[in-house]
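Letter by letter, the chains look like this.
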Amino acid sequence: MTISTLVVDDNANTRADIGSSLSSLDINLVFANDGLDGLKQAKEGCFDLLIIDHKMPLMDGLTLLKNLRQLGQYHHTPILFVTTQDVTEAEPLALKHGATRCLSKPLQAQFLCDVVSYYTKRSVA
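Since this is a predicted model, take the numbers as computed values, not measurements.

J.: Would you explain helix 2 (residues 35-44) in this entry?
T.: The α-helix winds at 3.6 residues per turn, so residues separated by three or four positions along the chain end up facing the same way. Among the residues of helix 2, those classed as buried are Gly 35, Asp 37, Gly 38, Leu 39, Gln 41 and Ala 42. In this structure, the buried residues of helix 2 make contact with strand 1 (3-8), strand 2 (27-32) and helix 3 (61-69). Of the residues flanking the start of helix 2, the one acting as N-cap is Asp 34, its side-chain oxygen 3.0 Å from the backbone nitrogen of Leu 36.

J.: Is there a simple way to think about the nonpolar core in this case?
T.: Considering soluble globular proteins, one finds that nonpolar side chains tend to be buried as a cluster. Core analysis: the biggest nonpolar cluster contains 22 residues, and Leu 64, Leu 65, Leu 68 and Phe 81 have the highest contact counts within it. Elements with a contribution of two residues or more to this core: strand 1, helix 2, strand 3 (49-53), helix 3, strand 4 (79-83) and helix 4 (87-96). When sequence neighbours within four positions are dropped, the list of residues in contact with Leu 65 reads Ile 52, Ile 79, Phe 81, Ala 94, His 97, Gly 98 and Ala 99. Leu 29, Leu 107, Cys 113 and Val 115 belong to the second largest nonpolar core, which has 17 residues in total.

J.: For this particular structure, what's the right way to read the environment of Gln 110?
T.: Position of Gln 110 relative to the elements: it lies in helix 5 (residues 109-124). Sequence separation of Gln 110 and Leu 22 is 88 residues, and the distance between their C-alpha atoms is 8.7 Å.

J.: Please clarify how the side chain of Arg 69 should be interpreted in this entry.
T.: By the secondary structure assignment, Arg 69 is in helix 3. The buried charged residue Arg 69 lacks any salt bridge, with Asp 48 as its nearest oppositely charged partner at 12 Å. Side-chain polar atoms of Arg 69 contact the backbone oxygen of His 75, separated by 3.3 Å. With near-sequence residues (within four places) excluded, Arg 69 lies in contact with Tyr 74, His 75, His 76, Thr 77, Ile 79, His 97, Gly 98 and Thr 100.

So, how was this worked out
Residues numbered from 1 in each chain as written. Predicted model: local features only at pLDDT ≥ 70, side-chain atom pairs only at ≥ 80, totals over all residues. Heavy atoms only, no water. Buried < 20%, exposed > 50% of the residue type's maximum accessible area, 1.4 Å probe, protein only. Helix = DSSP H or I, 4+ residues; strand = E, 2+ residues; numbered from the N terminus. Contact = heavy atoms within 4.5 Å. Polar contact = N/O pair within 3.5 Å; in protein donor to acceptor, adjacent residues only side chain to side chain. Core = buried A, V, L, I, M, F, W, Y, C linked by side-chain atoms within 4.5 Å. Lys, Arg positive; Asp, Glu negative; His and termini not counted. Salt bridge = Lys/Arg side-chain N within 4 Å of Asp/Glu carboxyl O.

Any link to function would need more than the numbers given here.
Put into structure tokens, the structure is as follows:
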């Protein structure tokens with residue numbers, strides 16, 4: 001069964017890196033360029049996992065988190081929150097707004113694969 005994952009990040013290089021890092025997994029990746037685009041795509045689709053960036057134009061990651069958690073279909077969906085900010089500072093706020101886990105950029109490919117595998121196995125079990 002293919003897992004559907006929405007990646008929301010305003011940086012094209014980061015989106016490409018995430019796509020490359022996860023290419024070995026059986027995952028259908030959909031990309032959004034900013035928080036507003038991410039919210040629109042989340043409403044139009046049904047995703048098993050979301051990976052969202054902290055700092056984005058139009059709608060930041062924390063606002064996107066709050067909006068996603070208010071949608072019934074994403075109430076329990078794993079959401080990975082990625083940030084360039086010090087994780088010890090960003091994580092409490094991200095968790096408060098609904099993140100499942102907070103990850104620090106730059107993302108290491110194997111670590112990201114391991115985390116995504118862990119949460120996608122749990123979400124479809």
